[in-house]
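Tertiary structure, described
Here is what each chain is made of, one letter per residue.
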Amino acid sequence: MTQAAANQQGTEPGLKKVLGKWDALAIGVGAMIGFGWVVLTGDWITTAGPIGASLAMLVGGGIMAVVGLTYAELVAAMPKAGGEHNYLLRAMGARWSFAGSWAIVGGYITIVAFEAVALPKSVQYIFPNLSQIKLWDIAGSEVYLTWALVGVLGAVVITWINIRGIKTAGLVQTFVVLFLFIIGAMLLTGSFASGESANMEPFFDNGLAGFFGVMIVVPFMFVGFDVIPQSAEECDIPPRKIGKYVVISVLIATAWYVMVVLATSSGLGPAAIAGSEMATADAMGALFNSEIMAKILIAGGIAGILTSWNSLLMGASRLMYAMATSGMLPRWFAVLHPKYHTPHHALLFIGGLSVLAPFFGTAMLGWLVDSGSPSIVVAYLLVGVAFLILRRREPQMDRPLRIGGKGNFGQVIGVMSVLFCAGLISLYLPGMPAAITWQPWALFAAWWVLGTFFLFRVPRGVQPGENAEEELLHLLSIRQQSKLGAIGPDGAAATSRRGRRRQATNAKR
């Protein structure tokens, strides 16, 4: 956020630079390793087989690493709150910036809501009698008051931590990620000690349809590396290193997902996996022949929920804050907390949505995964286009981290990123082997209908470039004053009817 943008919006730029290198890395990794690895791994294995699912994760991780490279260069060049918002505004103008920002905010919010539903689902594994006082059924899913209140409590706590300050949130994130890795190390140890390769057969299942069936969840599972750019303005580390941590976080998440798939399949056979709601936890119990170990893994899953929830709430709030300071969203979202200097209005808005999510039941889990993924990939595709535009139009732009060296290999990476994202988008379309159902498309459409309302409020004619944000704010200021009758729509001085009446009265006097 620029000083001019802050002043135009009536806010002071008060985001604090308090995040260190481990905080930034924990934010990115923790955002990607949520709860999906606990609740969805069994589905991946039954869809594509353990090796097929692992290959899908490797290929998907490779695609995300290429996308991450474009982010790495851009965040190093523009370490501002809001990430994509800034890159697209400079490269493509205001309306494209809104579209990309709206897309990634939608993806973030679906995951935040996903975690609010996943938390009570995981807690119920430890406390089977959690569901009491039935409320209603939604899409075959029974919703109980006590079950939903666990998700509500989680939403309140995570929102409160983020309002208290990003340093507090970053510290919590680092410790919880360390605990998560300890659980992962235990699962891997159990796989090597007690796992059986015979359990992993068949290694491949359902051919290409199975492979692509796993690939469609890749954007949802890997979203989060881009939270590092969202919080770049609060990182107290060199911009070049911020860019590197983006790519490193993707590689760590890729290794994690492959490890979980192989370890789970080595502990349970296909029939057991197909009949399990929490295949990874059941595999942990089987590998150590202990129900307690299964519950310990669920504790790791809860840790994953908290890290992903924390990071993506952080990222979504910073992006909405950046959009509001540019006039793309109501000014209310740009207000910082007077004590903690966090965008607490944006945090309360997103936290409020996550409070509602558990009351829609577990049927929402799959719908949220599928509805958020297309929006996420759209944002990634636009960032790749912005990367290419800036490489061509601003070759002398200060780039502390230049991807691909001094030659043209950087442009090749940018083209690959765009093509890969276009390929991922095609997987969701009707008629494709991994097409998503109408319910996720309905959620997707609802989000973009709302976005269209704000999109058409963004003025046309804002030229891309370094000063695009200031130009956008100037045009919005002219529009606002025109509505008040202070100036004409062309920017020329004008007087309202009340003002002219007052002038006439004064003249008679």
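The sections below set out a description of the structure shown in this document. (Residues numbered from 1 in each chain as written. Predicted model: local features only at pLDDT ≥ 70, side-chain atom pairs only at ≥ 80, totals over all residues. Heavy atoms only, no water.)

Points about the overall build of the protein chain
Within the protein chain, the regular secondary structure consists of 22 helices and 2 strands. Counting every position in the protein chain, which comprises 509 residues, the buried fraction comes to 58%. Sequence-distant contacts in the protein chain: of pairs separated by 6 or more residues, those separated by 24 or more amount to 80%. Looking at the protein chain as shown, the accessible area adds up to about 20400 Å², and 64% of this sits on carbon and sulfur atoms. (Helix = DSSP H or I, 4+ residues; strand = E, 2+ residues; numbered from the N terminus. Buried < 20%, exposed > 50% of the residue type's maximum accessible area, 1.4 Å probe, protein only. Contact = heavy atoms within 4.5 Å. Areas by Shrake-Rupley, 256 points an atom, 1.4 Å probe, with all protein chains shown as cover.)

Observations concerning a nonpolar patch on the surface
A grouping of Trp332, Phe349, Leu353, Leu356 and Phe360 is seen on the molecular surface, where their side chains present a nonpolar patch of about 450 Å² in accessible area. Tracing the backbone shows Phe349 in helix H17 (residues 344-356). Residue Phe349 is classed as partly exposed on the basis of its relative accessible area, which comes to 31%. (Patch = residues over 30% accessible without salt bridge, like charges linked within 9 Å, V, L, I, M, F, W, Y side chains within 5 Å. Salt bridge = Lys/Arg side-chain N within 4 Å of Asp/Glu carboxyl O.)

A look at the packing of aromatic side chains
Centre-to-centre distance and the angle between the planes together describe a pair of aromatic rings. Considering all chains together, one arrives at 17 aromatic pairs under this definition. Taking 5.4 Å as the distance between ring centres and 90° as the angle between the ring planes, the aromatic pair formed by Tyr71 and Phe225 counts as edge-to-face. Of the two residues, Tyr71 sits in helix H5 (residues 50-77) while Phe225 sits in the loop between helix H11 (218-222) and helix H12 (227-230), which places them 154 residues apart along the sequence. Of the residues examined, Tyr71 reaches a relative accessible area of 0% and is grouped as buried. Relative to Tyr257, the ring of Phe222 lies with its centre 5.4 Å away and its plane at 65°, an arrangement referred to as edge-to-face. In this pair, Phe222 sits in helix H11 while Tyr257 sits in helix H13 (residues 239-267), placing the two residues 35 residues apart along the sequence. Exposure remark for Phe222: the relative accessible area of 0% places this residue in the buried category. Linked through ring pairs, Phe98, Trp102, Trp447, Phe453 and Phe454 together constitute an aromatic cluster. (Phe/Tyr/Trp six-rings, centres within 6.5 Å; stacked < 30°, edge-to-face > 60°.)

Some details on the pairing of strand E1 (residues 134-138)
Bridge analysis of E1 against strand E2 (residues 141-144) gives 4 bridges, and the strand direction is antiparallel. Opposite Asp137, over in E2, you have Glu142 as the bridge partner. Counted along the chain from E1 to the antiparallel partner E2, the turn is 2 residues long, and its residue Ala139 has a positive phi close to 55°. (Pairing = 2+ DSSP bridges.)

A look at the side chain of Asn86
Along the polypeptide, Asn86 turns up in helix H6 (residues 84-92). According to the relative accessible area criterion, Asn86 is buried, its value standing at 8%.

Side note on a positive patch on the surface
A grouping of Lys21, Arg240, Lys241 and Lys244 is seen on the molecular surface, where their side chains present a positively charged patch. It is H13 that provides the largest number of residues to the positive patch, a total of 3 residues. Relative to the elements of secondary structure, Lys21 occurs in helix H2 (residues 21-32). For Lys21, a relative accessible area of 41% translates into the label partly exposed. (Lys, Arg positive; Asp, Glu negative; His and termini not counted. Charge placed at Lys NZ, Arg CZ, Asp CG, Glu CD.)

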